[in-house]
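The primary structure of each chain is shown beneath.
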Amino acid sequence: MLGLGAAGLAAGPYLQRALESALGAAADKDPTGLTGLLPNGGGFRYYSVAPSVPHRGPENYRLSVDGLVERPATYTLDALRRLPQTRIVRDVQCVTGWRVPDTPFEGVTLSRLLDAAGVRPEARAIRFTCFDGTYSESLTLPQARRADVLVALRMQDKPLSHAHGGPARLYVAPMYFYKSAKWLSGITLTRDVEPGYWEERGYDVDAWVGRSNGRDDTPTV
Ligand SMILES: Nc1nc2c(c(=O)[nH]1)N[C@H]1C(S)=C(S)[C@@H](COP(=O)(O)O)O[C@H]1N2
Ligand SMILES: [Mo]
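Residues numbered from 1 in each chain as written. Chains lettered and ligands numbered in written order. Predicted model: local features only at pLDDT ≥ 70, side-chain atom pairs only at ≥ 80, totals over all residues. Heavy atoms only, no water.

Enquirer: Help me understand the overall build of the chain in this model?
Expert: The number of helices and strands found in the chain is four helices and ten strands. Ordered by position in the sequence, the α and β elements of the chain form the string α-β-β-α-β-β-α-β-β-α-β-β-β-β. For the chain, buried positions account for 50% of its 221 residues. Long-range pairs, those at least 24 residues apart, make up 65% of the contacts in the chain between residues at least 6 apart in sequence. Working note: accessible area of the chain is about 10,000 Å², and carbon and sulfur atoms make up 54% of it. (Helix = DSSP H or I, 4+ residues; strand = E, 2+ residues; numbered from the N terminus. Buried < 20%, exposed > 50% of the residue type's maximum accessible area, 1.4 Å probe, protein only. Contact = heavy atoms within 4.5 Å. Areas by Shrake-Rupley, 256 points an atom, 1.4 Å probe, with all protein chains shown as cover.)

This is how it looks when you write it as structure tokens:
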């Protein structure tokens, strides 16, 4: 079953892109999301810019917090699970237009991990890295300290699946979904914002839903 999941994940985006060009689908050429030509889970598009992503679980998942902090730390999955969990229910909104209403995410507030690490005064931003080896994201420190920004361990009241970035992903509720980096492995405090994967390719660093990227999606919450 794990093998099938991995194969599906690896093949999905490439197969879908091939299908789109074969069919000449022009509705949505935006690379950060995929048009719904293939069956997908409940309105979601599984998306990965990396062709394959290793599976990690309780035995080998690690999340590091480092950079401009007093106390660098490394968390196992169990350590993250033992911290207080926060549940948030909002719409997921991809910048290409697809939306999944009322989706619960649950995990540890990022601010809790930042407080535990002791952010140094010169830090103004965070760089997030992923164990897919490719994706990255960024937030300013004030954005990262919001109560609706999580290191999510659960989605739709189930453990986060590999396809959705499990065992842990970033969840930035008020921003377009590309900010919610899947397969999160590193949280590094930096002096300045270092634009993430899609931001280097033209998407807004401050990705507020409804007021960025030239879009006018109205948040429903
Ligand atoms: N590591 C990683 N995180 C990522 C992406 C990615 O390609 N790799 N894609 C982003 C984009 S554009 C979207 S819309 C969502 C998709 O999340 P999902 O696959 O759980 O639907 O993940 C975001 N986080
Ligand atoms: Mo996206």
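Enquirer: Sorry, what's going on with unusual backbone geometry here?
Expert: Omega for the peptide link from G166 to P167 comes to 10 degrees, which places this bond in the cis form. Phi angles above zero are rare outside glycine, and Q156 is one such case at about 55 degrees. Position of Q156 among the secondary structure elements: in the loop between β7 (149-155) and β8 (158-159). Residue Q156 is classed as partly exposed on the basis of its relative accessible area of 33%.

Enquirer: I'm lost on the pattern of salt bridges in this one. Help?
Expert: Any two side chains of opposite charge can pair if their charged atoms end up close together. Summed over all chains, the structure comprises 14 salt bridges. The partner of R87 in a salt bridge is D157, with the nearest N and O atoms 2.9 Å apart. Taken together, the residues R87 in strand β3 (residues 86-93) and D157 in the loop between β7 and β8 connect sequence positions 70 residues apart. On the basis of relative accessible area, D157 is assigned to the partly exposed category, the value being 38%. (Salt bridge = Lys/Arg side-chain N within 4 Å of Asp/Glu carboxyl O.)

Enquirer: How should I be thinking about empty space enclosed by the protein in this particular structure?
Expert: On inspection of all chains with the given rule, the structure shows one cavity of 30 Å³ or more. Considered as a void within the structure, the largest cavity measures approximately 260 Å³ in volume. In terms of lining, the largest cavity is formed by 19 residues, of which the most central are Y47, Y135, R169, F177 and K182. Mapping the lining of the largest cavity onto the domain boundaries places at least three of its residues in each of domain 1 (1-46) and domain 2 (52-201). (1 Å grid on protein atoms, 1.4 Å probe; cavity = no way out; pocket = protein on both sides within 12 Å on 5 of 7 lines; lining within 4 Å. Points joined across faces, edges and corners; volume = space filled by probe spheres on them. Domains from an automatic or database assignment.)

Enquirer: Can you walk me through the pairing of strand β1 (residues 62-67) in this structure?
Expert: Pairing geometry for β1 and strand β2 (residues 73-76), over four bridges, is antiparallel. Counted as the bridge partner of S64 is T74 from β2. Between the antiparallel neighbours β1 and β2 lie five residues. Alignment of β1 against strand β10 (residues 184-190), held across four bridges, turns out to be parallel. Bridge assignment links V65 to a residue of β10, and that residue is I187. (Pairing = 2+ DSSP bridges.)

Enquirer: How should the nonpolar core be read in this particular structure?
Expert: Nonpolar side chains tend toward joint burial in soluble globular proteins. Among the nonpolar cores identified, the biggest contains 49 residues, and L63, L110, L114, I126, V151, I187 and L189 are the most heavily contacted of them. Those elements that place two or more of their residues in this core are β1, α2 (77-82), α3 (110-117), β5 (125-130), α4 (141-144), β7, β9 (169-172) and β10. No other element matches the four residues that α3 contributes to this core. Discounting residues that sit within four places of it in the chain, L114 has contacts with V119, I126, L141, A144, R145, I187 and L189. With 14 residues, the next largest nonpolar core counts V92, V100, L150 and A152 among its residues. (Core = buried A, V, L, I, M, F, W, Y, C linked by side-chain atoms within 4.5 Å.)

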